[in-house]
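A look at the structure
Here's the letter readout for the chains.
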Amino acid sequence: MGDRNSKKNTEIPSKEELIKASVQVRQKLTIGRWVTHLSYGAILVLISWLNFLPADSSIKLWIVKVIPLLIFIPGFLQQKYRTYSWLCFAILPYFIWITPLVMARGDWSDWTMIVLIVILFIAAMMTSRWMQQQSHLDWQISNTPSN
């Protein structure tokens, strides 16, 4: 029976390995940001277009729908991973709002909105994770001595 407290044989990665991992995470992060921002923008455009399409459109209703999403723009500009994490929570009410509409009437706009919300959720979640990994790798690289 093995000793539970025995130390595992773990090697510290070299600076070159850390840099290679950092490049890979940075590539994923670039794609994640693009997908997040494009789907985010598409959702804002679709919400706005669908709100102002009918003759009896309401600016008050549009503001109620759009303001909760617009508050994330400063965090996007500052590139904070918590912004992306919080965005995942903020779009859940939109998902809950649109799901019954998809099941009831099934318009193309409802399906488009639900697809965009799912894409945004996944992209924002992964982008937040990759930003955290990148930050940790950058710290490791700066604190790892060269050979």
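Coordinates for the structure precede this section.
Report on the accompanying structure.

Quick word on the pattern of salt bridges
- Taken as a whole and assessed by the stated rule, the structure comprises three salt bridges.
- Among the salt bridges present, the one from Arg-26 reaches Asp-138, with a minimum N-O distance of 3.7 Å. Here Arg-26 is found in helix 1 (residues 15-52), whereas its partner Asp-138 is found in helix 6 (residues 108-142), with 112 residues between them in sequence.
- Judged by relative accessible area, which is 43%, Arg-26 ranks as partly exposed.
- Of the charged contacts, one joins Asp-107 and Arg-105 as a salt bridge, the two residues approaching to 3.5 Å between their closest N and O atoms.
- Under the relative-accessibility criterion, Asp-107 is labelled partly exposed at 35%.
- Within this structure, Arg-105, Asp-107 and Asp-110 form a network of salt bridges that share partners.

Describing the packing of aromatic side chains
- Inspection of every chain in the model, using the stated rule, returns five aromatic pairs.
- Centroid distance Phe-52 to Trp-62: 5.6 Å. Interplanar angle 45°. Geometry classified as tilted. With Phe-52 in helix 1 and Trp-62 in helix 2 (residues 59-70), this residue pair connects regions lying 10 residues apart in the sequence.
- By relative accessible area, which is 40% here, Phe-52 ends up partly exposed.
- Taking the relative accessible area as the measure of exposure, Trp-62 reaches 25% and is therefore partly exposed.
- Between the aromatic rings of Phe-76 and Tyr-84, the centroid separation amounts to 5.1 Å while the plane-to-plane angle is 45°, which identifies the pairing as tilted. Each of the two residues, Phe-76 as well as Tyr-84, counts as buried.
- Among the aromatic residues, those joined into a ring-pair cluster are Tyr-40, Phe-76 and Tyr-84.

Conventions used here
- Residues numbered from 1 in each chain as written.
- Predicted model: local features only at pLDDT ≥ 70, side-chain atom pairs only at ≥ 80, totals over all residues.
- Heavy atoms only, no water.
- Salt bridge = Lys/Arg side-chain N within 4 Å of Asp/Glu carboxyl O.
- Helix = DSSP H or I, 4+ residues; strand = E, 2+ residues; numbered from the N terminus.
- Buried < 20%, exposed > 50% of the residue type's maximum accessible area, 1.4 Å probe, protein only.
- Phe/Tyr/Trp six-rings, centres within 6.5 Å; stacked < 30°, edge-to-face > 60°.

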